[in-house]
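In case you want the letters, here they are:
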There are 4 protein chains.
Amino acid sequence: MQSFDLSRRLTAEALGTGFLVAAVVGSGIMAEKLSGGNDAIALLCNTIPTGAVLFVIITVFISVSGAHFNPAVSFVMMLRGELTLAVMAGYIAAQIVGGCLGTLAAHLMFDLPTIQISLHARNGPPQWFAEFVATFGLLMTILGCVRFNKIDAIAPAVGLYITSAYWFTASTSFANPAVTIARSLSDTFSGIAPGDVPAFVAAQLLGAAAAAYLLAWLLRGRDASAQEPAGNP
Amino acid sequence: MQSFDLSRRLTAEALGTGFLVAAVVGSGIMAEKLSGGNDAIALLCNTIPTGAVLFVIITVFISVSGAHFNPAVSFVMMLRGELTLAVMAGYIAAQIVGGCLGTLAAHLMFDLPTIQISLHARNGPPQWFAEFVATFGLLMTILGCVRFNKIDAIAPAVGLYITSAYWFTASTSFANPAVTIARSLSDTFSGIAPGDVPAFVAAQLLGAAAAAYLLAWLLRGRDASAQEPAGNP
Amino acid sequence: MQSFDLSRRLTAEALGTGFLVAAVVGSGIMAEKLSGGNDAIALLCNTIPTGAVLFVIITVFISVSGAHFNPAVSFVMMLRGELTLAVMAGYIAAQIVGGCLGTLAAHLMFDLPTIQISLHARNGPPQWFAEFVATFGLLMTILGCVRFNKIDAIAPAVGLYITSAYWFTASTSFANPAVTIARSLSDTFSGIAPGDVPAFVAAQLLGAAAAAYLLAWLLRGRDASAQEPAGNP
Amino acid sequence: MQSFDLSRRLTAEALGTGFLVAAVVGSGIMAEKLSGGNDAIALLCNTIPTGAVLFVIITVFISVSGAHFNPAVSFVMMLRGELTLAVMAGYIAAQIVGGCLGTLAAHLMFDLPTIQISLHARNGPPQWFAEFVATFGLLMTILGCVRFNKIDAIAPAVGLYITSAYWFTASTSFANPAVTIARSLSDTFSGIAPGDVPAFVAAQLLGAAAAAYLLAWLLRGRDASAQEPAGNP
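Quick caveat: nothing in here was measured; it's all calculated off a predicted structure.

Colleague: Give me the lowdown on the interface of chain C and chain D, citing residues and values where you can.
Modeller: Opposite the 42 residues of chain C that make contact, chain D presents 46 residues. Taken together, the residues that form the side of chain C that touches chain D break down as 26 nonpolar, 11 polar and five charged.

Colleague: Tell me about the arrangement of the chains, residues and numbers included.
Modeller: There is no contact between chain B and chain C; across them, the least C-alpha separation is 10 Å. Here chain A and chain D are not in contact; the least distance found between their C-alpha atoms is 10 Å.

Colleague: Outline the relation of the copies chain C and chain D, listing residues and values.
Modeller: If you rotate chain C by 90 degrees and push it 0.0 Å along the axis, it lands on chain D with an RMSD of 0.0 Å. On the angle and the small slide along the axis, the relation comes out as a four-fold axis. Identified as the residue of chain C closest to the rotation axis by C-alpha distance is C:Ile41, at 5.1 Å. Of the residues that chain C buries at the interface, just 2% are likewise interface residues in chain D, meaning the two copies contact each other through different surfaces.

Colleague: A description of the packing of helix 3 (residues 71-79) of chain B against helix 4 (residues 85-109) of chain B should follow, citing residues and the corresponding values.
Modeller: Residue and element names in this part refer to chain B. Here helix 3 crosses helix 4 at 175 degrees, and the two axes come no closer than 9 Å. When the axis of helix 3 is compared with that of helix 4, the two are roughly antiparallel. Facing Pro71, Ser74, Phe75 and Met78 of helix 3, the residues of helix 4 in contact are Leu85, Met88, Tyr91, Ile92 and Gln95. Of the residues in the contact of helix 3 with helix 4, the class split is seven nonpolar, two polar and no charged.

Colleague: Explain helix 3 (residues 71-79) of chain C residue by residue, including any values.
Modeller: Residues and elements named next belong to chain C. Within helix 3, eight of the nine residues are buried, which leaves it mostly tucked inside the rest of the structure. Those residues of helix 3 that sit buried are Pro71, Ala72, Val73, Ser74, Phe75, Val76, Met77 and Met78. Buried positions along helix 3 lie against helix 4 (85-109), helix 5 (125-147), helix 7 (177-183) and helix 8 (197-218).

Colleague: How would you sum up the interface of chain A and chain B? Please name residues and give values.
Modeller: Each side of the interface is counted separately: chain A has 47 residues, and chain B has 43 residues. For the side of chain A that touches chain B, the elements supplying multiple residues, two or more each, are helix 1 (6-34), helix 2 (39-65) and helix 4 (85-109) of chain A. It is helix 2 of chain A that contributes the most residues to the side of chain A that touches chain B, 16 residues altogether. Its residues assigned to classes, the side of chain A that touches chain B shows 31 nonpolar, 11 polar and five charged.

Thresholds applied
Residues numbered from 1 in each chain as written. Chains lettered and ligands numbered in written order. Predicted model: local features only at pLDDT ≥ 70, side-chain atom pairs only at ≥ 80, totals over all residues. Contact = placed C-beta atoms within 7 Å. Nonpolar A, V, L, I, M, F, W, Y, C, P; charged D, E, K, R; others polar. Least-squares fit on C-alpha atoms with pLDDT ≥ 70 in both. Axes fitted to C-alpha atoms, helices over the stretch in contact; angles between N-to-C directions. Helix = DSSP H or I, 4+ residues; strand = E, 2+ residues; numbered from the N terminus. Parallel < 35°, antiparallel > 145°, perpendicular 65-115°, else oblique. Buried ≥ 20, exposed ≤ 12 C-beta atoms within 10 Å, placed from the backbone.

Read these as geometric descriptors, not functional statements.
Spelled out as structure tokens, the structure:
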């Protein structure tokens with residue numbers, strides 16, 4: 001049963017994705033500017049704000065729209081029958097529009113040219129495999145929490161998953177088609193060249209679908225009650 | 001129904017804001033002193049203590065005074081009819097007094113001149129827009145948690161929001177008129193020149209009011225029950 | 001009462017351990033590559049992703065398999081009578097296989113030779129004592145949470161324990177035989193020479209057994225109810 | 001009503017304080033060794049493990065002994081009538097013994113001389129005022145959580161308070177007489193010269209007593225129910 005009408009749900013998706021992208025792009029700009037050329041420090045100062053804002057926007061909006069902020073998530077929810085195709089399309093449009101506005105807002109705040117095109121090449125099979133793994137893990141995280149009714153755990157789990165995946169996935173875990181598109185509009189630390197976007201998005205959707213498929217089998221227990229861990233009575 | 005009398009509520013606001021400002025200013029001093037000129041490290045070591053202390057003071061005082069520690073928050077609570085104008089004025093006075101004492105305490109602990117005037121220029125439309133965004137997001141965070149009765153989530157959400165906003169808002173997210181005033185009294189890492197305070201405060205109050213207005217529409221559901229995310233049954 | 005059949009439990013153990021090792025090895029590669037020779041920054045950027053992913057995989061899989069991801073934990077659960085010897089053997093095999101696949105996945109993502117043998121020497125009594133302490137503390141953490149039915153606290157407690165132990169145990173706290181074996185297959189930041197593995201594993205199992213023994217006595221109260229702290233009424 | 005007998009409670013206090021000090025001293029050694037002379041990085045890598053281990057040991061032992069691990073806390077609990085003088089003396093002895101063993105364990109793990117005397121001077125009124133503030137804030141944190149029955153919040157609140165106070169208190173927030181004594185036995189990053197210990201301990205006990213006194217007034221509401229924030233209905 002839906003509690004919020006579609007206009008509010010789409011606004012929540014746009015607003016949340018906007019803050020997510022503003023955090024990714026903005027903290028990337030700040031981090032690169034201040035880090036004196038040490039890229040580990042720059043990436044750490046890009047990671048922590050990203051993980052932190054995910055906790056916030058999921059906590060705030062999960063009861064409004066489900067807090068997807070990510071076409072790969074909306075796609076899986078459609079596969080699971082929880083969104084119609086039309087609502088999924090609306091969600092994805094709102095996410096992309098909100099994400100691009102987030103990039104613009106970051107540029108305005110940092111006094112940079114509003115519209116940019118990234119020249120940051122990110123491609124090749126290892127990067128694509130990394131995006132597959134990154135998005136697989138993200139959906140594994142979400143579906144695991146949903147399966148066991150750990151709704152309050154989604155915000156910290158997703159925030160911490162992305163915090164981790166920024167470092168272990170080689171591509172720094174975009175894991176989100178709307179964010180990928182929005183990041184192509186910023187020629188800064190977190191950008192991606194527009195020509196490299198389609199392969200990233202394809203890898204992300206494949207990873208999401210693979211997770212949906214595997215987890216549908218893995219998490220189908222016989223008589224599972226939510227909070228009792230097997231083997232830890 | 002209020003459980004604590006006004007003297008206790010004002011003391012809680014002053015004490016909490018004092019610890020908040022002491023953490024902001026004190027960790028800024030320590031971070032700058034130790035970071036060997038790498039400003040990303042300095043800002044990270046200013047960010048983490050600030051986010052952490054917000055969790056603490058909100059957890060401790062939310063049941064006493066609501067744990068505003070911020071005139072922009074008290075202003076919105078007055079707009080929502082939850083504080084009278086007179087109580088709001090008392091809250092704001094307590095926050096400013098407590099915040100300034102926090103600056104003095106930080107200077108005493110670090111053996112610096114007690115009273116200082118910051119020379120740190122922070123101005124221009126990008127900075128003001130950043131403060132608008134920062135405070136908009138802060139109120140979005142708080143109002144979202146309040147709307148869905150996630151009272152225990154306010155402390156981590158606000159702590160993590162500020163952790164993120166320090167990096168993505170260009171102005172390092174003051175987002176708080178009392179803290180802005182208190183920081184004008186410290187010519188250290190986190191200071192702001194007194195002449196730049198009014199525009200910051202104006203941008204903060206505009207951002208807070210905009211959030212109150214938009215969220216009042218966005219979070220008005222039809223029959224929302226707190227913890228059921230739409231689309232994640 | 002078990003809710004998931006053995007094939008799902010073993011898959012969960014393999015998948016979770018795979019993500020754990022991918023995070024350890026992958027973030028180690030990324031961190032070393034970007035940190036410009038500052039090993040504290042590299043280790044910090046190895047620590048945070050490891051702690052974060054532990055929160056995630058425990059949250060997701062604890063209700064499926066108990067979320068051991070660690071032969072030392074499965075060993076103690078067998079000692080406590082919660083796993084049969086045969087199931088323990090299955091768990092350990094799944095953890096080792098999953099862990100090694102995690103190493104391979106990290107190498108693939110970072111475009112490195114898939115199969116490697118670490119040359120990183122880690123040995124000597126101080127390192128072994130460190131592994132004893134590290135694993136003792138890990139089991140202390142888990143058994144304490146289990147004892148007081150703080151099931152939701154296991155994920156943050158284990159994540160934060162390892163975050164801490166990476167720094168205070170000299171060996172950077174492997175504390176996990178499956179992860180130790182998997183890390184011997186990577187000649188990168190987090191590797192360990194294969195010849196040094198057996199002594200590490202022995203120290204880990206001794207630490208785990210010592211914790212099981214001491215905690216069995218320490219946590220046996222007279223009439224303890226889970227959440228009432230003694231001395232803090 | 002106490003659930004655990006005194007021998008178990010004292011063991012829990014000694015074991016927990018031992019892990020706390022091992023984390024403080026051990027991570028200080030590791031951080032200094034790896035940080036290439038950047039003291040902000042060293043202190044950050046000392047801070048994070050300390051805050052993290054506090055979450056762990058409080059979560060594990062709060063139901064056994066109250067998880068004080070700190071004579072200043074036991075002193076205030078005695079003032080509040082929750083510990084007899086004799087039990088307080090036992091707690092403090094266990095904390096000091098456990099803390100000193102933690103220092104020894106750190107030295108053994110890092111292959112350093114087991115017994116050392118710190119030469120690190122830490123004194124003067126600003127440092128003493130910093131210890132007063134640090135311990136005041138620590139007790140404010142604990143008493144606030146206890147007052148509103150937020151027992152599960154004590155572990156994250158104390159961990160995050162110390163994370164913050166390491167940076168904003170100039171003395172790096174020892175805030176614990178047993179830890180102060182134990183740190184005098186290590187001539188490493190986190191040490192303190194034995195001659196500077198008494199003034200630190202005095203400042204800590206004064207800060208703790210001041211917090212107990214002020215909070216006893218501040219947190220005495222008329223008809224407070226734990227989770228309803230005033231002003232946020």
